Amino acid sequence: MAVDLAGLSVFLAVAETRSFRAAAERLGVTRPAVSQTLRRLEDRLGVALVQRTTRSVSLTEAGERLFQRVAPAIAEVGVALDAAADRDSAPSGLLRLAVSSIAERFISGPLLAGFAEAYPAVQIDVTVTDEEFDIVAEGYDAGVRLGEVIDQDMIAIPVSGEQRQTVVAAPAYIERFGAPSHPSELARHRCIGWRPAPETAPYRWEFGEDGREYDVAVNPEITTNDMWLMIRTACAGGGITFGMEETFRPYVASGQLVPLLEDYCPPFAGFFLYFPNRRNLAPKLRALVDHVKRSR
């Protein structure tokens, strides 16, 4: 059977976005064109790949199997085509990145702004997300996350130095409720917690003591997936919160927040740009890797 690359490209866009409208926008075509192309592919294969309702799009069992096998293969084809292009030409095209919300140094501006200025022919699409997923299967070129959670089969380039997580509270909170002297006392305090998604449990606060690492499951009075809501609430005296020291640094410097339990917050490996282990990187990704190395 001849390979229907156009049909597969449409199928992958629908599978990744779970939306005919979003797939059409990604591909730069109309929604009817997406629907017709996908229907032709299904007719050719003799099997339904997508289940459509007025409100949602999902993959059938056959569609899920095809997606899991085709997505990595198409990604490799893209890399091969980029590698076959003139290496002397300027890097260009769409560079899709999935970046953790707490990767402050990477998403705060200067690094990306410098890359965009150096490579104007590269369009950068950054999705800030704390969900865990396969960046290759989801169509991303690379991601930025803490090193400890990156799969070992990935290439990882540091984009920051060592990091620390720290506990902070506003002076008004400390004056009213006091400050904990040990992590075990946090259970008696009003805490502001973080979770990556509504269906997940709040993040357990991590500490170190006498060379031993452990975590504390606080019972947050307020829980959110928005770090800026955590910061604003803590600055207003709403409770004690926990996060990256780099994120809290401006608020500590201004006196809005005060670090707590510092003796129990050891440093750890920081953030890394990571991407699949491939023989030939696409020029646009190679340019970003080189830019990150120079910035370091």
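The rules behind each value
- Residues numbered from 1 in each chain as written.
- Predicted model: local features only at pLDDT ≥ 70, side-chain atom pairs only at ≥ 80, totals over all residues.
- Heavy atoms only, no water.
- Pairing = 2+ DSSP bridges.
- Helix = DSSP H or I, 4+ residues; strand = E, 2+ residues; numbered from the N terminus.
- Axes fitted to C-alpha atoms, helices over the stretch in contact; angles between N-to-C directions.
- Salt bridge = Lys/Arg side-chain N within 4 Å of Asp/Glu carboxyl O.
- Buried < 20%, exposed > 50% of the residue type's maximum accessible area, 1.4 Å probe, protein only.
- Phe/Tyr/Trp six-rings, centres within 6.5 Å; stacked < 30°, edge-to-face > 60°.
- Parallel < 35°, antiparallel > 145°, perpendicular 65-115°, else oblique.
- Contact = heavy atoms within 4.5 Å.
- Nonpolar A, V, L, I, M, F, W, Y, C, P; charged D, E, K, R; others polar.
- Arc of directions from axis to C-beta.

A few words on the sheet that holds strand E4 (residues 122-128). Read across the open sheet, the five strands follow the order E4-E3-E5-E14-E6; overall the sheet is mixed. Bordering the open sheet on either side are E4 and strand E6 (154-158), each of which pairs with just one other strand. The sheet shows a mean angle of 25° between the axes of neighbouring strands, direction not considered. Where strand E5 (residues 142-146) and strand E14 (residues 271-276) come together, four bridges link them in antiparallel fashion. By the bridge assignment, Val144 is partnered in E14 with Leu273.

Moving on: the pattern of salt bridges. Under the criterion given, the structure shown has 14 salt bridges. The partner of Glu42 in a salt bridge is Arg52, and the shortest N-O contact between them spans 3.2 Å. Pair noted here: Glu42 is in helix H3 (residues 31-45) and Arg52 is in strand E1 (residues 50-52), with a separation of 10 residues, a long-range link. In this structure Glu42 comes out as buried when scored by relative accessible area, which is 9%. Via salt bridges that share partners, Arg164, Glu245, Arg249 and Glu262 belong to a single interconnected network.

This model, assessed by the stated rule, comprises eight aromatic pairs. Between the aromatic rings of Tyr203 and Phe242, the centroid separation amounts to 6.4 Å while the plane-to-plane angle is 25°, which identifies the pairing as stacked. With a gap of 39 residues between them, Tyr203 in the loop between strand E8 (191-194) and strand E9 (205-209) and Phe242 in strand E12 (residues 240-244) connect regions that are remote in the sequence. Among the residues examined, Phe242 registers a relative accessible area of 4% and is labelled buried. Between Trp205 and Phe242, the ring centres sit 5.2 Å apart and the planes meet at 15°, which makes this aromatic pair stacked. Highlighted residues: Trp205 in strand E9 and Phe242 in strand E12, separated in sequence by 37 residues. Under the relative-accessibility criterion, Trp205 is labelled buried at 2%.

A few words now on the packing of helix H2 (residues 20-27) against H3. Look at H2 against H3: their axes get within 8 Å of each other, and the N-to-C directions meet at 100°. As judged from the angle between their axes, H2 and H3 are roughly perpendicular. Residues Phe20, Arg21, Ala23 and Ala24 of H2 touch H3, and the partners they reach there are Arg31, Val34, Ser35 and Leu38. Per-class residue counts for the contact of H2 with H3 are five nonpolar, one polar and two charged.

A separate point is helix H6 (residues 110-118). An α-helical segment advances 3.6 residues per turn. Residues three or four places apart therefore align on the same side. All buried positions along H6 are accounted for by Leu111, Leu112 and Phe115. Taken end-on, H6 shows its buried residues confined to a sector of 95°, consistent with a single buried face. Turned more than 90 degrees from where H6 packs its buried face, Pro110 and Glu117 sit exposed.

The subject of this paragraph is unusual backbone geometry. Across the chain, the bulk of peptide bonds are trans and the bulk of non-glycine residues have phi less than zero. The backbone of Arg18 shows a phi angle near 55°, a positive value even though the residue is not glycine. On the secondary structure map, Arg18 appears in the loop between helix H1 (5-17) and H2. Even without a glycine there, the phi angle at Leu261 is positive, about 55°. Mapped onto the secondary structure, Leu261 falls in the loop between strand E13 (258-260) and E14.

This part is about the pairing of E5. Taken across its five residues, E5 has five buried, putting it largely inside the fold. Sheet analysis places strand E3 (residues 93-99) next to E5, joined by three bridges and oriented parallel. Paired with Val99 across the bridge in E5 is Val144.

Our next topic: the environment of Ala187. Within the element layout of this structure, Ala187 appears in the loop between helix H7 (171-177) and E8. As for Ala187 and Ala236, which are separated by 49 residues in sequence, their C-alpha atoms are 20 Å apart.

Bringing the sheet that holds E12 into the picture now. Taken in spatial order, the five strands line up as E11-E8-E12-E7-E13 in an open sheet, and their pairing is mixed. The open sheet has two edge strands, strand E11 (222-224) and E13, and neither has a second partner. Averaged over all neighbouring strand pairs, the angle between strand axes comes to 35°, with direction disregarded. Examined bridge by bridge, strand E7 (residues 165-169) and E12 share four bridges and lie antiparallel to one another. Across the sheet, the residue bridging to Gln165 is Met244, located in E12. Packed onto the sheet, helix H8 (residues 227-235) meets E8, E11 and E12 and runs at close to 175° relative to E8.

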